[in-house]
Amino acid sequence: FFGTLHFLAPEQARGATADTRSDLFAVGVVFYHMASGHLPFNGEGPLNVLDKIRDGEPEPLMPSASAFSPAR
């Protein structure tokens, strides 16, 4: 089982075995997405996204006002 592209930890993107740290990375991506409204690693295609996860830095976290809008 490989995983969902944007939530893969760097070690998974390198082909290494996933462990509990991989789960923590995925939870961090979920929190980042919830706070900002976008994913931390984006690219023009799947291989570009994998490259950014393996060797890049996440996009700067800029909280979105809509990410914290009140529930209705």
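See the structure printed just above.
Residues numbered from 1 in each chain as written. Predicted model: local features only at pLDDT ≥ 70, side-chain atom pairs only at ≥ 80, totals over all residues. Heavy atoms only, no water.

1. Side note on the packing of aromatic side chains
Rules: Note on aromatic pairs: the rings of Phe, Tyr and Trp (six-membered ring only in Trp) are paired at centre separations within 6.5 Å, and the planes decide the class, stacked below 30 degrees, edge-to-face beyond 60, tilted for the rest. A run of H or I in DSSP counts as a helix once it spans at least four residues, and a run of E counts as a strand once it spans at least two, with each numbered from the N terminus. Burial classes follow relative accessibility: with a 1.4 Å probe on protein chains only, a residue under 20% of its type's maximum area counts as buried, one over 50% as exposed, and anything between as partly exposed.
In this structure the tally under the stated criterion is 1 aromatic pair. Considering the side-chain rings of F25 and F41, the 6.3 Å spacing of their centres and the 25° angle between planes classify their relative orientation as stacked. Linking F25 in helix α2 (residues 20–36) with F41 in the loop between α2 and α3 (46–55), this pair joins segments that are 16 residues apart in sequence. By relative accessible area, F25 is classed as partly exposed at 22%. Among the residues examined, F41 registers a relative accessible area of 7% and is labelled buried.

2. A closer look at the nonpolar core
The cut-off we apply is this: Only buried residues count toward a nonpolar core, which is a set of Ala, Val, Leu, Ile, Met, Phe, Trp, Tyr and Cys residues joined through side-chain atoms within 4.5 Å. Note on definitions: a residue-residue contact is assigned when non-hydrogen atoms from the two residues lie within 4.5 Å.
Ranked by size, the top nonpolar core spans 6 residues in total: L8, A13, F41, V49, L50 and I53. Aside from chain neighbours lying at most four places away, what touches I53 is L5, H6, L8, A9, P10, A13, F25 and F41.

3. Structural notes on the pattern of salt bridges
Under the convention used in this document: When a carboxyl oxygen of Asp or Glu is within 4 Å of a side-chain nitrogen of Lys or Arg, the pair counts as a salt bridge.
Enumeration over the complete set of coordinates arrives at 2 salt bridges. Taking the shortest distance from any N to any O, the salt bridge between D19 and R21 comes out at 2.5 Å. Exposure remark for R21: the relative accessible area of 57% places this residue in the exposed category. D51 is the partner of R54 in a salt bridge, and the nearest nitrogen-oxygen pair spans 2.2 Å. Separated by 3 residues within a single helix, R54 and D51 lie in helix α3, roughly one turn from each other.

4. So, α3
Threshold: This arc is built from the directions going out from the helix axis to the C-beta atoms.
Looking at α3, one finds that the buried residues are V49, L50 and I53. Looking down the long axis of α3, one finds its buried residues gathered within 100° of arc, a one-sided arrangement. For α3, the exposed residues lying more than 90 degrees away from the buried face are L47 and D55. For α3, the elements touching its buried residues are α1 (10–13) and α2.

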